[in-house]
Amino acid sequence: MRKITAGLFISLDGVIGDPQDWHFPYFNDEMGAAVGSQLATADTLLLGRATYEGFAAAWPDRENGGGEDAGMAKALGDARKIVVSHQDLDLPWRNSELLKGDLIEAVTALKQEPGETDIAMSGSPSIVRQLLAAGLLDELHLLVHPIALRSGLRLFDEGDPIPLRLLSATPFSTGVLHLIYTSDHESRTGGYTEATRHLSQD
């Protein structure tokens, strides 16, 4: 079964909206390598409409421009791009298609298709939430920026808890923390009484 990974820029207080307004001062080679390792090696991208439109407006020009990120731009262009939207969209970027049918059913079938590489996501928080809740997202890559924005769209909204297990934590020189989580299926117990007992023993 193929693995799905999702990467997001996120503030210290959980905001993921409008990263173009706050993310770039923290971008460096460390972050570029982290983003590249999660995205550029995938042969399939699963994207929401807004993320797709942003990518399609930028990456083809970067590929044609032949700059330092032209290699990654070509890899993204060559990848199969599956766009999640309820609208009938024009998809001008090569190798792009609209996801058909129910999201959970379609992604379940996608994970079962043959393939040696990951299926990658970038941004698309509403899809990330749904796949996490359905147990279909294998890795959540969060690049936590050392800034509290205090307003804006947050990754997690109200609803049932989603337990996660930390796979790795890597600090960058900018103060950004690269956290990789997976779903935590372990049954956990404990309550206030047990917690206070542990505190009293420390």
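Bear in mind the structure is a predicted one, so any value in this text is a computation, not a measurement.

A. A look at the overall build of the chain. Across its full length, the chain holds 6 helices and 8 strands. Tracing the chain from N to C terminus, the helices and strands come up as β-α-β-α-α-β-β-α-β-α-β-β-β-α. On C-alpha atoms alone, the chain measures out to a radius of gyration of 18 Å, which is about the 17 Å that the 2.2 N^0.38 rule sets for 202 residues. Counting only C-alpha atoms, the chain reaches 65 × 40 × 35 Å along its principal axes. Across the 202 residues in the chain, those meeting the buried criterion constitute 43%. Partitioning the intrachain contacts of the chain with sequence separation of at least 6 by distance along the chain shows that 71% fall at a separation of at least 24. If you sum the accessible surface of the chain, you get close to 11400 Å²; carbon and sulfur atoms cover 51% of it. Looking at the chain, you have 16 positive and 29 negative side-chain charges, and the mean spots of the two groups are 1 Å apart.

B. Geometry of the nonpolar core. In this structure, Leu 46, Met 121, Val 128, Leu 131, Leu 137 and Leu 140 are the most contacted members of the largest nonpolar core, which totals 26 residues. Each residue touching Leu 140, except ones within four places of it in the same chain, is listed here: Ala 6, Leu 8, Val 128, Leu 132, Leu 155, Phe 156, Leu 164, Leu 179, Ile 180 and Tyr 181. Counting 24 residues, the second largest nonpolar core, distinct from the first, contains Met 31, Leu 45, Leu 76 and Val 83.

C. Highlighting helix H2 (residues 49-65). Taking 1.5 Å as the rise per residue, H2 with 17 residues should run 24 Å; its terminal C-alpha atoms sit 25 Å apart, in good agreement. Along H2, the sharpest kink reaches roughly 30°, centred on Ala 56 and followed within four residues by the proline Pro 60. Along its buried surface, H2 packs onto strand E2 (44-48), helix H3 (70-78), strand E3 (80-84), strand E4 (96-98) and strand E5 (119-122). One or two steps after H2, the chain reaches Gly 66, where phi turns positive at roughly 70°.

D. Inspection of the side chain of Thr 51 at higher detail. Residue position: Thr 51 is located in helix H2. The exposure class assigned to Thr 51 is buried, which follows from its relative accessible area of 15%.

E. Focus on the sheet that holds strand E7 (residues 164-171). Across the sheet, 8 strands lie side by side as E4-E3-E2-E5-E1-E6-E8-E7; this open sheet has mixed pairing. Where the open sheet ends on each side, the last strands, each with one partner, are E4 and E7. Between one strand axis and the next, the sheet turns by 25° as a mean value, whatever way the strands run. Pairing of strand E1 (residues 4-11) with E5 involves 4 bridges; the strand directions are parallel. Note on E5: the bridge partner recorded for Ala 6 is Met 121.

F. Broad picture of unusual backbone geometry. The phi angle at Asp 18 is positive, at roughly 50°, despite the residue not being glycine. In this structure, Arg 150 is a non-glycine residue whose phi angle is positive, near 70°. With respect to the element layout, Arg 150 can be found in the loop between strand E6 (139-145) and E7.

G. Spatial organisation of the pattern of salt bridges. Following the criterion strictly, the structure yields 12 salt bridges and no others. What you see here is one network of salt bridges that share partners, running through Glu 63, Lys 74, Asp 78 and Arg 94.

H. Region of interest: the environment of Gly 175. Take Gly 175: it is sitting in the loop between E7 and strand E8 (177-183). Under the relative-accessibility criterion, Gly 175 is labelled partly exposed at 42%. Here the alpha-carbon distance between Gly 175 and Gly 54, two residues 121 residues apart in the chain, equals 27 Å. Excluding residues that lie within four positions of it along the chain, Gly 175 makes contacts with Val 144 and Pro 146.

Rules of the game
- Residues numbered from 1 in each chain as written.
- Predicted model: local features only at pLDDT ≥ 70, side-chain atom pairs only at ≥ 80, totals over all residues.
- Heavy atoms only, no water.
- Helix = DSSP H or I, 4+ residues; strand = E, 2+ residues; numbered from the N terminus.
- Rg over C-alpha atoms; globule rule 2.2 N^0.38 Å.
- Buried < 20%, exposed > 50% of the residue type's maximum accessible area, 1.4 Å probe, protein only.
- Contact = heavy atoms within 4.5 Å.
- Areas by Shrake-Rupley, 256 points an atom, 1.4 Å probe, with all protein chains shown as cover.
- Lys, Arg positive; Asp, Glu negative; His and termini not counted.
- Charge placed at Lys NZ, Arg CZ, Asp CG, Glu CD.
- Core = buried A, V, L, I, M, F, W, Y, C linked by side-chain atoms within 4.5 Å.
- Expected span 1.5 Å × (residues − 1).
- Bend = angle between axes of the 7 residues up to and from the residue.
- Pairing = 2+ DSSP bridges.
- Axes fitted to C-alpha atoms, helices over the stretch in contact; angles between N-to-C directions.
- Salt bridge = Lys/Arg side-chain N within 4 Å of Asp/Glu carboxyl O.

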